[in-house]
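Examining the three-dimensional arrangement
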Amino acid sequence: MNAVVKTNFQFPNQKSLYVGKVRDVYNIDDKYMAMVVSDRISAFDVVLPKGIPYKGQVLNQIAAKFLDATKDIVPNWKLATPDPMVTVGLKCEGFRVEMIVRGYLAGSAWREYKAGARTLCGVALPEGMVENQKFPTPIVTPTTKADEGHDENISKEEIIRTGLVAKEDYEQLEKYALALFQRGTEIAAAQGLILVDTKYEFGKCDGKIYLIDEIHTPDSSRYFYAEGYEERQAKGERQRQLSKEFVREWLMENGFQGKEGQQVPEMTDAIVNSITDRYIELYEHITGEKFEKAPESTDVTARIEKNVTEWLKNN
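Residues numbered from 1 in each chain as written. Predicted model: local features only at pLDDT ≥ 70, side-chain atom pairs only at ≥ 80, totals over all residues. Heavy atoms only, no water.

**Comments concerning the overall build of the protein**
Formally: Comment: elements are numbered from the N terminus, with helices defined as DSSP H or I runs of at least four residues and strands as E runs of at least two. Our radius of gyration is a C-alpha quantity, and the globule rule it is checked against amounts to 2.2 Å times the number of residues to the power 0.38. Burial classes: relative accessible area under 20% of the type maximum marks a residue as buried, over 50% as exposed, and values in between as partly exposed (1.4 Å probe, protein chains only). Contacts: residue pairs with any heavy atoms within 4.5 Å of one another. For the charge count, each Lys or Arg is scored as positive and each Asp or Glu as negative, with His and the chain ends excluded. Charged side chains are reduced to one point each, which is NZ for Lys, CZ for Arg, CG for Asp and CD for Glu.
A count of helical and extended segments in the protein gives 8 helices and 17 strands. Whereas a compact globule of 315 residues would reach a radius of gyration of roughly 20 Å, the protein reaches 19 Å, a difference of no more than 12%. Structurally, the protein occupies a C-alpha span of about 60 × 50 × 45 Å along its principal axes. With 315 residues in all, the protein has 52% of them scored as buried. Long-range pairs, those at least 24 residues apart, make up 63% of the contacts in the protein with a sequence separation of at least 6. Here the protein carries 41 positive and 49 negative side-chain charges, and the mean point of each set is 1 Å from the other.

**With respect to helix H6 (residues 245-253)**
Residues spaced three or four apart along an α-helix face the same direction, because each turn holds 3.6 residues. Among the residues making up H6, those that are buried are Glu-245, Phe-246, Val-247, Arg-248, Trp-250 and Leu-251. Looking at the buried residues of H6, the elements they touch are strand E4 (42-43), helix H2 (107-114), strand E16 (221-225), strand E17 (241-243) and helix H7 (269-287). A positive backbone phi angle near 80° is found at Gly-255, which sits one or two residues after H6.

**Some remarks on the pairing of strand E1 (residues 14-19)**
Which entries qualify depends on this criterion: For two strands to count as paired, DSSP must find a minimum of two bridges between them.
Here 5 bridges tie E1 to strand E2 (residues 23-28), and the two strands are oriented antiparallel to one another. Bridging across to E2, Gln-14 finds its partner in Ile-28.

**Focus on the packing of helix H1 (residues 55-69) against H7**
Operational definition: Lines fitted to C-alpha atoms define the axes, with helix axes restricted to the stretch in contact, and inter-axis angles between N-to-C directions lie between 0 and 180 degrees. Here roughly perpendicular refers to angles of 65 to 115 degrees, roughly parallel to angles under 35, roughly antiparallel to angles over 145, and oblique to all remaining angles. Should the near helix be turned counterclockwise from the far one by less than a right angle, the crossing is left-handed, whereas a clockwise turn marks it as right-handed. Lys, Arg, Asp and Glu make up the charged group, whereas Ala, Val, Leu, Ile, Met, Phe, Trp, Tyr, Cys and Pro make up the nonpolar group; the residues left over, Gly among them, are polar.
Taken N-terminus to C-terminus, the directions of H1 and H7 make an angle of 15°; their axes are 9 Å apart at the nearest point. Between H1 and H7, the angle falls in the class roughly parallel. Helix-helix and strand crossings are classified by hand; for H1 and H7 the assignment is left-handed. Contacts between H1 and H7 involve Lys-55, Val-58, Leu-59, Gln-61, Ile-62, Lys-65 and Phe-66 on the former and, on the latter, Tyr-279, Ile-280, Leu-282, Tyr-283, Ile-286 and Thr-287. Partitioning the contact of H1 with H7 into residue classes produces 9 nonpolar, 2 polar and 2 charged.

**Regarding unusual backbone geometry**
The phi angle of most residues is negative, glycine excepted, and most peptide bonds adopt the trans form. Of note in the backbone geometry, Asn-13 takes a positive phi value of approximately 60° without being a glycine. Note on placement: Asn-13 falls in the segment before E1. Overall, Asn-13 belongs to the exposed group, its relative accessible area being 55%. Look at Asp-29: it is not a glycine, yet its phi comes out positive at around 60°. Within the fold, Asp-29 resides in the loop between E2 and strand E3 (32-37).

**Concerning the environment of Gln-262**
Heads up, the rule is: As used in this structure description, the phrase polar contact means that two N or O atoms lie within 3.5 Å; if the pair is within protein, one of them must be able to donate a hydrogen and the other to accept it, and residues adjacent in sequence are counted only when both atoms belong to side chains.
Looking at the element boundaries, Gln-262 is found in the loop between H6 and H7. Taking the C-alpha atoms as reference points, Gln-262 and Thr-162, 100 residues apart in sequence, are found 35 Å from one another. Polar contacts involving the side chain of Gln-262 include one to the main-chain amide nitrogen of Gly-258, which spans 3.3 Å.

**Remarks on the pattern of salt bridges**
Note the following rule: We define a salt bridge as a side-chain nitrogen of Lys or Arg found within 4 Å of a carboxyl oxygen belonging to Asp or Glu.
Tallying each qualifying case throughout the model produces 26 salt bridges. Taking the shortest distance from any N to any O, the salt bridge between Lys-50 and Asp-269 comes out at 4.0 Å. With Lys-50 in the loop between strand E5 (46-47) and H1 and Asp-269 in helix H7, this residue pair connects regions lying 219 residues apart in the sequence. Several salt bridges share partner residues, and in doing so they unite Arg-23, Glu-98, Lys-145, Lys-199, Glu-201, Asp-213 and Glu-214 into one network.

**A closer look at the nonpolar core**
Just so we agree on the cut-off: As used in this record, nonpolar core signifies buried Ala, Val, Leu, Ile, Met, Phe, Trp, Tyr and Cys residues forming a set joined through side-chain atoms within 4.5 Å.
With 62 residues, the main nonpolar core has Met-99, Tyr-200 and Phe-202 as its most contacted residues. Once residues lying within four places of it in the same chain are set aside, the contact partners of Tyr-200 are Glu-98, Met-99, Val-101, Ala-177, Leu-180, Phe-181, Leu-211, Ile-215 and His-216. If you look at the next biggest cluster of nonpolar residues, it comprises 17 residues, including Val-4, Phe-9, Phe-11 and Leu-312.

**Remarks on the sheet that holds E3**
Here we have 5 strands laid out as an open sheet, ordered E1-E2-E3-E7-E6, and antiparallel in their pairing. On the outer flanks of this sheet lie E1 and strand E6 (78-83), each paired with one strand and no other. Geometrically, the sheet is characterised by an average inter-axis angle of 20° between neighbouring strands, direction not taken into account. Against the sheet, helix H8 (residues 300-313) makes contact with E2, E3, E6 and strand E7 (86-90), and its axis sits at roughly 140° relative to E6, the strand it touches most.

**Describing the packing of aromatic side chains**
To be explicit about the condition: Stacked, tilted and edge-to-face are the three classes assigned to paired rings of Phe, Tyr and Trp, where Trp is represented by its six-membered ring and a pair needs centres within 6.5 Å; plane angles under 30 degrees give stacked, over 60 edge-to-face, the rest tilted.
In this structure the tally under the stated criterion is 11 aromatic pairs. When the centroid spacing of 6.3 Å and the interplanar angle of 80° are considered together, the rings of Tyr-54 and Phe-291 count as edge-to-face. Here Tyr-54 is found in the loop between E5 and H1, whereas its partner Phe-291 is found in the loop between H7 and H8, with 237 residues between them in sequence. Owing to a relative accessible area of 5%, Phe-291 belongs among the buried residues under this scheme. Between the aromatic rings of Trp-110 and Tyr-113, the centroid separation amounts to 6.1 Å while the plane-to-plane angle is 25°, which identifies the pairing as stacked. Here Trp-110 pairs with Tyr-113, and both are found in helix H2, just 3 residues apart, close to one helical turn. Taken individually, Trp-110 and Tyr-113 each receive the classification buried, so the pair is uniform in this respect. Every member of this aromatic cluster is reached through a ring pair, and the members are Phe-9, Phe-11 and Tyr-26.

Written out as structure tokens, the structure reads:
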């Protein structure tokens, strides 16, 4: 199957198109958002030169499943998934921050800790921690939401002081984020996984807060296998994980961290196929369901256009 790396549809009553790192978001009459999850892949805030077949379908279907599984905690934007790669939902005005929840010291948080940082986004970190160690309780480490380039760490105090988010709204976002993380942790545990860290995005529609975008996907979350976690920690071994971190590690091993002057290493067919396999593996582990690939013979962009157009005409 050819990866879908670019779309340029003209849906009924379409007003605009926003192209993100991975998602193409179509504004339908300022009422709905049709979010096409492409097969693009980004790391270190750089979109890599090749797409990953089925990645968009994996991300869209995981997000849809977990939006449905958490709507009792917080209302969310999703109305329908008319295509394996598309979610249509309410058009919300997004908050300019992303809520990162961390249950373990991993990824960029570990890299900062290892470099000597003992506070992260205004949150004090205990001394003497090791990589992938569990925090006493999950912590919230927000970032600014950048249209381009890198998202920046920011503290709760700074968000409120600068008026980026009103105090009352921010405190509600924090409560929602921690409750969603708790639910995600429970769902992951039932599948033999540990939800390590994740990000949530929220928006407002008619004055009401909604969970928007994706949730608990391998692009927004890091998972460890629960089996063997304690033994690996005791021996100082790397954890077996299901997340996009393996892509970042491959890039770092090949001299790329998104810095100026660095070249993305060659993405061979073998590398691309292995990334597809890892995304499908995560889908099956986290959902407990077999991944059903959309038919290879289909013209994927024509299928998307037909399915979304039909849904819009009927709603």
